[in-house]
Each structure stands twice: as structure tokens, then as C-alpha cells.
Amino acid sequence: MERELMEADIVVASRLSFKKKQAYEKYPKAQSSSRRWKHLKQILQAENFPDLPPDLPTYVNIESPPSTQPCKRLCDITGYEAPYVDPRTNLRYANAHVFQTVRSLSSDQVHQYLSIRNAAVVLK
Amino acid sequence: MAFVSRIRRQSDYNTYPSSIPIVIDNGASYFRIGWAGETEPRVVFRNIVQRPRHKATGETVTIVGDLDPSMMKYFDCTRSGPRSPFDSNVVYQFEIMEYILDYAFDRLGANGSGIDHPILITECACNPVQSRSKMAELLFETYGVPAVAFGVDAAFSYKYNQLHGICKKDGIVLCPGFTTTHSIPFVDGEPIYKGSSRTNIGGYHVTDYLKQLLSLKYPFHSSRFTWEKAEDLKLEHCYIAPDYASEIRLFQEGRKEAEEKTRYWQLPWIPPPTEVPPSEEEIARKAAIREKQGQRLREMAEAKRVSKINDMENQLISLRFLLKQVDQVEEDDIPTFLSDTGYASRQELESTITKVTQSLRKARGEPKNEPAEYEENPDSLNNEKYPLMNVPDDILTPEQLKDKKRQMFLKTTAEGRLRARQKRNEEELEKEKRNQLEEERRRENPESYLEELQAQYKEVLERVEQKKRLKTNGSSNGNNKSGGVGRGERLSAAQRERMRLLTTAAFDRGKGEDTFGSRDEDWQLYKLMSKDNDDDDEQPDSDEAELARLSSRLQEIDPTFVQKVEGELSQTSGEVPRVRPLTEEDYKIVIGIERFRCPEILFHPNLIGIDQVGLDEMAGISIRRLPHDEKELEERLTSSILMTGGCSLLPGMNERLECGIRMIRPCGSPINVVRAMDPVLDAWRGASAFAANLNFLGNAFTKMDYDEKGEDWLRNYQIRYNYL
């Protein structure tokens, strides 16, 4: 280790006195970490939600419902109010000037604009 | 104001007796750890871990928290990105959690053979029991902690503010955090989780939105917009508009207030060095050098030519001598005589002589007589080479027939070559004529001619560019990919075209039913697909040739013409091709409407595509979900609404929330929205105050409890917040 690094002291030491079992013993390098740990979705599936009393608040229970207010339609490019939708690309735009820009976008950019809004169609 | 990490190693660990608990605020953005009873956490850092490989030794090391860029040169960071133990707001990767805890305890000064203090750690509301039990297991078994307690950070913040009189014992806490936003009602000082609600939107999404918007607006500078930079911009410039619709109208109409609200970010830009027109001496000197070089080249060429002429003359002399000898020798002896010289017959010799004389003449630079000679030759050749041509077929032997066929073939090819040459001559004449015409036109009316040419050039350029754009569509802007473009990429235009044809053609027919294939013509679709591939390659050639011709022409006559280089095309897709050099303006990033468009998603998650309620409606949902039926309780709740959490630092949040909640509550009900004293640190402070209370151990559980009572008990475990 270089001296500069040692002085900066940013690295976690591999052997710590207050630990009963060190990290390198616990996690041999072979396994990839993503397969070892369950993601949130899997954790939630593993919980037996139907078995519990229905009025007990759980992680899934307290999630908020969809909004009852009408959805705001904003232009994808400028952020203004957008009463119009381009039929070819499904992007919302505010006026004719923006429309020209919409039509001149490459399909990659169109895809990105739509994916911000979660409206992109991904073909596999 | 950016959050600052505090990571100096503390030295007073041993001065604390083992009854003093350690308080940890384990948040998705920052990790705070300190001693109970104090007002400031000792160690604060970002909750991420990187495991790069050390370049020199090759071992993998762990680095926790924000990186110091100057130290990074020692590490190879290609295979390690920053990893967080959180998935949304739940801890799921306990290996990373362990590294973080290692680092935190180490910085706190721990050096004994275990952590001897009880620990109070925060978690999210209604944490799944698996995550909770793994965390408890980690703390008990790896660190040897005697007792552990879990609490919700928003609740601690509320209690702390209640202690200081900011909010009352009945109220609602709204906590927009890093990845999620919670709203939890309090009745009699205890949080009622049944009435709580969570929306999966937070500061992370706001920053991400800002980053994507800026990257798409300025694709040229997309590499500048890193996540950290976007976060800095958000902290400095974003605010919440009291009414979104009227704000955007300000900008749309271009009013003066909009101008004031726009911020400009100037990227460093160095103007290209203006070429100083070379002075007179420079020009003269350069010309002299060039002249000398030219002279040298010319001399070399001359010398070579002279030597070649000499060689050829010698050869000619020897050949003529040989010919004379052949003449002297008799007819029959010719073959033997010539066998050692390499020529088969007299004619061959003569033809070689003529060839050499011709090339000699060319070398000497005499005017070409070749066309004339060539024209003579066919006639003479006709008679010599094709003796059998005119003889009718029936008197010839089979061998002679074969010969005749060969001679016919030779003759036709020779004639074809002649014809091709004539055509080429004609074409050249035509071109000459056209050029002359154009020259005349130019001389008559130079300006309009120039304009015409420029217009033509622009048109052809546009066509060529569009074709290029269609072909190589995504590959150049691929580096600013944001989420959502996952496996659906199709890098070649051919595949994309194929997909488009399949989906549109198959969908166009029948309402809901898929009747593709019942008619034979449907299958012609597949012919279209591969035909599209070939089509693309042939056409651009003519356009590109036209483009080259026009650009060379323009370069000759127009002094201000700057040729559009191919390389720049890919970067300016979507813009009109710039035929002017880049200016300072292009490097100015305008952040006007994004300032309040990005935090708007906290109130309208639909803008991002998340189908849930926003902040203002969450308060209403909480009230609705509470199992009660007293109207006064609702009024009490709304008159003490606390804002806490990092995102609540955005300016304008209070007024907007008040407006929003007023919209959903009955008219005239009291609404009072207050912000916590320190939205970022209050959670830790509340937890610290809670832990300092003598009753703390009654709320914590020990390893024995955990072993005996099992998971179900852990699920129902809640601490009681009322310690007043």
C-alpha cells in the first residue's frame, strides 16, 4: 500500500478486533453477491401475507394507492402544458415549434424520453 | 448546501461505559452513528460501498462512503460500481451492510473484542421481518452486541420535535426521504402504522429526473451530467413552485420574472486559437522552402527520365543491330539464329522495335501520335492477325475453324475497346462543355450562382445525413442511456426495421384477431425485410457523389465555405447541421423550467410513471386510513403536520403542501404545516434522546430473547415511543 493511501486511511481494514468472525471468512469470493441475497421482491414474496391478520400493517399494506386527481399532461421536452400527442412517437408536445423538434429526434432519444415517463415500449 | 461527511476516527470510545447505547441512523442516503444523549452524530458518511481492486497488489479492498477522487488513481475501478445495501428503503444486502458497520464502528473508535454497548438502529416503517431478523443476527453474532432496538426514523424525528414543542402529541409526520416518502399519523404520541402510507418516490428520483432531462436536452455535453453533479444542482437550484401551472405560463410567455428565475451554467470553453494571418516574411519563407523542395523533386525526376531514355536508346540500337543481322542471315537459319536472343520471328523483333521507339518518344515528351498510329494499326492488323476472317467456313479445316473463332473473338474485343475509348472521349468533351457553361454562368452572375450551389449542397447534405442517421441511429448517443433501455436495444437499423414491419403489418389487420398468414400475400412481408437491407446500400452512392462534386466546387469558388466533416454528424443528430464554428453559447447550460419541474414529481409521481399519490394527498390518505370516527381528531391531526426528511429542505415546500392539503380537507379546517428544526439530523437526535432515557433497555431485546421467541415475536416487536 502506498504511503499516501495509508495516511488517507480510506480503506477498511480486513481484520477488525471487535468482530467475532471476519468478513473475509464469512464471504469467500467464489459466490456472486447478487445471488446470495434476496431482493426486496423476493423478500416480500416469502412473507406469508395471507396468513397474517388482515389489519396488521405490513410493508405491502401501507403502500399508497393511485391518485384520484386527473393526471397532469406535460410536454416531454419543454415541461409546458401539453394538450397534444404525436401519433407516431407517442410523445406529448406543447405547440407547433416543439412539434418540429419532436419530429427531428432520433428514435433513441424518443425512447429515452418515453422511458422517463415509463411509457416506452420495449420490444425484445 | 451539500451534506458534508464526517469521518474522522473518534478517540474517546473507551471513555464510555457499556451502558451507554450507540445510536445508528441507517438511511438510504447517509449513515449516522454516535453516542446516545448527544446532539450530533459522531460519524456521518454516505451509505455506499465500493470494492475496487488495488492496482499494485491486485487485492480487492473495500472503500466505504464518498470517494476522494485524488486517491482513486491507485485503484482499478472498472469492475466495481458503488453499491448500496438498500433496495428501495429495505436493507437486503447484508454483506455490504457488514462492511459499512465495520467502517462505522472502526471510525467510532471501537477496539475491544466486541461491541459492548446496546445499539439502537433505525429501519423503515413496517420493515419485513426477514430483513429485521438478518440485521439482528448480524449485530448479535458478528459484533457481539448485548441488546438491539429497532425504531422508525420519521417517528424519532416527530418525537424530538414534540419534545421541543414544534408539534403536538397528535399529528402527522410527512417524511420525503431518499427513495420513499412516508406519512405516519400520531395519536397520543404513538405512531399508528395502520394509518401510514408510503409512496415510492424520493430525492433519488428527483435527481435522476434532472439528470435525464439535462442529458437529453444537451446531448453534446451528456458526459458532464453525472449523478453527483445532478445532485449538486438539485440542492442548489431546485425549488417547488406554489402553483405549477402558473409558473410554466410565466416561462411560456417569456415574461421578465421567468428570465430572473433562469440560471445559467457556463461550462469551461476555450475558443479555438484564431489563426493569425501569417506575416509577409512567413509567407515568403514558406514559399521559398516549397520551391526548393519542388526543385529537388523535379531534378530527381529529370535524372530518372534521362537514364531511362538512355537505356531505351541502347536497347533500340541493339535491337536494330540484331535486325540487320537477321536480314543478312538466310531465311531458314532465322529460328536457330534467334533462339538464343529470345525472339521467335522477324515480326516479333520488329514489333518490339516499334514499341521501344514509341516509349522512347513518350519519354522524350514528344506529342503523342498514338491515336493516329492506333487507328492505322487496326486496319493493318486486321489483315495480318485475322487472315482467316474473311475466308468462308466450309473450306476450312477444323483446326482452322478454331483459329478463326479465336480471331473473331480477338477482333470483337479490340473493337469493343476502341468503342469504349471513343465513348470516354465523348464524355470528356461533354464534361468540358458543361464546365465551360457553368463558368460562363458564374462569370455573369456570381452571387446567384453561389446561392444556387449552396442550396443544392444543403439539400444533398440533408438527404445524406438523414440516411446516415437512419442507419447508424443509436450507436453514437449510446453513452447517455438511462434506465429503461435495457435489453430492448437493437443496434442495427436492419433489425429495428424488421421488428417494426412485423409489429405494424401484423397488427394492421383484424380487430383483435390475428389473421396474419391466412392470405398468401402476407408472407411477402419477409421479402420486404431482406430487401430493405440491400436497398440501403446502393442509393446513397449517387447522393454522396453529388455531394462530393458540389463541395469541391463550392470550395473552389466560395471563400467562406466550411466543409461539413462527417465526424460531427453523429453528435448533432436532431439539429440542423451547423456550418458555423462552436461558440460560447453552446457551452452554456440553461436551467430554467427544470428548477421546479423536477421536484414536482414529489407531488405528482405520474410524471415519472409511478402510479401513486403525491405528498399532499398522502396526508389525506393517512387520515382516511385511521380507524376512528371523531371529527376533532382529524382537525387535531391536520393542525400539526411535521415535515422532515432530506427532501423537505426544498424551498417552497411548506406553502405548496398547505395549498394541497387545504384542497382535500373540508373548508375551514385548521391546517398547520411546520418544518422540523433540522430535517436531516432530527431523526438521529430523536433516537439519541430516546436511547438516553433510562427506560431504553426495556424496549430493546437481547440475544436470548431473539433465540427463544423466534421470528413471529420479532414481527410484532415495536418500541413504545412515549418516554415523557
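Per an unreviewed UniProt entry, the recorded name for chain B is Actin-related protein 5, and the organism is Arabidopsis thaliana x Arabidopsis arenosa. As its UniProt record puts it under Subcellular location (unreviewed entry), chain B is described as follows: "Nucleus".

The name given to chain A in UniProt is Protein EIN6 ENHANCER, with the source organism recorded as Arabidopsis thaliana.

Residues and elements named next belong to chain B. Enumeration according to the criterion identifies 27 salt bridges over all chains in this entry. Notably, a salt bridge pairs Lys261 with Glu247, separated by 3.2 Å at the nearest N-O pair. With Lys261 in helix 7 (residues 256-261) and Glu247 in helix 6 (residues 244-252), the pair connects residues that are 14 residues apart, well separated along the chain. Its salt-bridge partner being Glu291, residue Arg298 comes within 3.6 Å of it at the nearest N-O pair. Note on Glu291: relative accessible area 47%, which makes it partly exposed. One connected set of salt bridges, linked through shared partners, spans Glu40, Asp678, Asp682 and Arg685.

Residues and elements named next belong to chain B. In this model helix 10 (residues 346-364) runs 27 Å from its N-terminal to its C-terminal C-alpha over 19 residues, within 8% of the 27 Å that 1.5 Å per residue would give. Within the sequence span of helix 10, burial applies to Leu349, Thr352, Ile353, Val356, Thr357, Leu360 and Ala363. The arc that holds every buried residue of helix 10, seen down its axis, measures 135°, which confines them to one face. Of the residues in helix 10, the exposed ones pointing more than 90 degrees away from the buried face are Gln347, Lys355 and Lys362. Where the residues of helix 10 are buried, they touch helix 8 (280-328).

Next up on the list: the pairing of strand 11 (residues 147-152) of chain B. All names here are of chain B. With 6 of its 6 residues buried, strand 11 lies for the most part within the structure. Burial along strand 11 is two-sided: Ala147, Ala149 and Gly151 facing one way and Val148, Phe150 and Val152 facing the other are all buried. One ladder, built from 5 bridges, connects strand 10 (residues 119-123) with strand 11; its direction is parallel. Directly across from Leu120, in strand 11, lies its bridge partner Ala149. Judged from the 2 bridges that link them, strand 11 and strand 20 (residues 701-702) form a sheet pairing that is antiparallel.

Reading the values: the criteria
Residues numbered from 1 in each chain as written. Chains lettered and ligands numbered in written order. Predicted model: local features only at pLDDT ≥ 70, side-chain atom pairs only at ≥ 80, totals over all residues. Heavy atoms only, no water. UniProt positions renumbered as here; feature names shortened; annotations may be inferred. Salt bridge = Lys/Arg side-chain N within 4 Å of Asp/Glu carboxyl O. Helix = DSSP H or I, 4+ residues; strand = E, 2+ residues; numbered from the N terminus. Buried < 20%, exposed > 50% of the residue type's maximum accessible area, 1.4 Å probe, protein only. Expected span 1.5 Å × (residues − 1). Arc of directions from axis to C-beta. Contact = heavy atoms within 4.5 Å. Pairing = 2+ DSSP bridges.

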